[in-house]
Amino acid sequence: MSNQALLTVTDLEKHFEQSKGAFSGPSSPIRAVDGVSFEIGKSTTLGLVGESGSGKTTTGRLITRLLEPSAGSIVFDGADITELSRTELRPIRRKMQIVFQDPFASLDPRMKVRQIVEEPVRYSTDVGSNERRSRVMETLEVVGLNPDHAERYPHEFSGGQRQRIGIARALIVRPDLLILDEPVSALDVSIQAQIVNLLEDLQEEFGLSYLLIAHDLSVVRQICDEVAVMYLGKIVEFGTRDEVYESPTHPYTRALLSAVPISNPRLRGTRDRIVLKGDIPDPANKPSGCDFHTRCYMAADVCRSDPPELEDSTSEGHLVSCHFAETIVKENNQDTKGKDK
Ligand code: SF4
């Protein structure tokens with residue numbers, strides 16, 4: 001993990017109580033996030049990946065305190081923000097902004113773009129109206145929008161332009177961390193590349209840190225420095241981008257990566273597709289032993305009884321939660337040697 005942490009999340013948990021029917025017995029809480037720890041360094045990007053229901057979006061909302069954690073701690077820029085009041089949180093929230101998945105749903109259709117982008121500055125700072133207006137124009141330009149269109153409404157823009165408006169709205173308060181919640185998944189592929197390029201440029205220009213929540217592993221590969229793979233509320237693999245993509249070690253990561261199309265035509269057909277069986281289990285009723293054993297192609301008896309720990313598989317910080325990590329690391333090393341010959 002990085003030396004200079006902007007964000008440190010430790011043993012974060014979120015349980016949702018289920019409503020009980022009048023005649024039913026007690027029900028278990030949904031453990032949506034179940035002991036998640038990671039750091040994000042300054043000017044770096046961590047990708048949080050996994051299927052729908054893995055807890056990645058809930059984790060993003062816990063960090064910004066849009067949801068209250070059930071346990072664990074969140075330290076941002078050296079300050080523990082886990083239990084701060086709404087008033088105490090206000091200056092911190094400016095430094096930590098979210099960009100949402102659906103650019104249309106996240107923008108108020110009755111507001112002009114100028115008002116939408118200006119809103120966070122208006123309510124969280126004492127910046128005067130002239131300064132606000134000039135910041136809006138400047139920020140629209142930074143994200144590649146024409147400042148002359150500031151008096152238009154969101155429906156007058158394309159999907160990619162609307163996501164640029166969402167990014168401008170996050171950027172205008174000059175944050176240190178952006179939580180990007182599936183920022184391109186609602187966009188056409190050609191537009192996705194433009195937004196990804198924009199995010200890369202903004203990171204370089206403003207030294208931003210990103211938490212990128214995504215299920216698209218190609219996008220994560222392009223912009224992330226480190227990757228955490230989540231399954232059923234837990235991180236099951238964590239490493240640098242190269243560690244996770246070149247030597248995926250958890251069987252779940254291997255299955256996810258095996259489904260990513262290979263762009264290099266010479267490498268097509270060199271990798272077997274691992275098809276995941278069934279759906280992600282009910283987080284209120286988790287399997288015994290390893291959470292992944294009901295879908296794992298390598299599951300053995302020990303997996304059904306003993307939960308594996310998230311441990312360093314290579315002594316270099318590549319963390320994996322699997323009883324057979326050592327065997328898979330050896331396989332990966334043999335594969336690498338084979339390719340080098
Ligand atoms: Fe699969 Fe067992 Fe490893 Fe879990 S511990 S990922 S079930 S091999």
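Refer to the structure above for everything that follows.
Residues numbered from 1 in each chain as written. Predicted model: local features only at pLDDT ≥ 70, side-chain atom pairs only at ≥ 80, totals over all residues. Heavy atoms only, no water.

Engineer: What's the story with the packing of aromatic side chains in this structure? I'm lost.
Structural biologist: Aromatic rings in a pair are described by how distant their centres are and how their planes are angled relative to each other. Under the counting rule described, the total for this entry stands at three aromatic pairs. Centroid distance Tyr231 to Phe292: 5.0 Å. Interplanar angle 80°. Geometry classified as edge-to-face. Taken as a pair, Tyr231 in strand E9 (residues 226-231) and Phe292 in the loop between helix H9 (251-258) and helix H10 (301-305) lie far apart in primary sequence, 61 residues in all. Across the pair, exposure class does not vary: Tyr231 and Phe292 are buried alike. Between Tyr252 and Phe292 the ring centres are 5.3 Å apart and the planes differ by 65°, which places this aromatic pair in the edge-to-face class. Highlighted residues: Tyr252 in helix H9 and Phe292 in the loop between H9 and H10, separated in sequence by 40 residues. When sorted by exposure, Tyr252 lands in the same class as Phe292, which is buried. Aromatic ring contacts, followed pair by pair, group Tyr231, Tyr252 and Phe292 into a single cluster. (Phe/Tyr/Trp six-rings, centres within 6.5 Å; stacked < 30°, edge-to-face > 60°. Helix = DSSP H or I, 4+ residues; strand = E, 2+ residues; numbered from the N terminus. Buried < 20%, exposed > 50% of the residue type's maximum accessible area, 1.4 Å probe, protein only.)

Engineer: I tried to follow the pattern of salt bridges on my own but got confused; where do I start?
Structural biologist: Once their charged atoms are close, side chains differing in charge can pair, the charge on each being opposite to the other. Applying the stated criterion across every chain, the model contains 21 salt bridges. Across the salt bridge formed by Arg61 and Asp181, the nearest N and O atoms sit 3.1 Å from each other. Of this pair, Arg61 sits in helix H1 (residues 56-63) while Asp181 is found in strand E7 (residues 177-181), placing the two residues 120 residues apart along the sequence. When its relative accessible area of 24% is taken as the criterion, Arg61 is described as partly exposed. On the basis of relative accessibility, which here comes to 5%, the residue Asp181 falls in the buried class. (Salt bridge = Lys/Arg side-chain N within 4 Å of Asp/Glu carboxyl O.)

Engineer: Explain the sheet that holds strand E4 (residues 71-76) here, please?
Structural biologist: Through backbone hydrogen bonds, the strands of a sheet pair up, either in parallel or in antiparallel fashion. The strand order E2-E1-E4-E5 describes an open sheet built from four strands, whose pairing is antiparallel. The sheet is open, and its two edges are formed by strand E2 (30-41) and strand E5 (79-80), each paired on a single side. Two elements, strand E1 (residues 5-16) and E2, share nine bridges in a ladder whose sense is antiparallel. Within E2, the residue paired with Glu13 across the bridge is Asp34. (Pairing = 2+ DSSP bridges.)

Any functional reading would require information that these geometric values do not contain.
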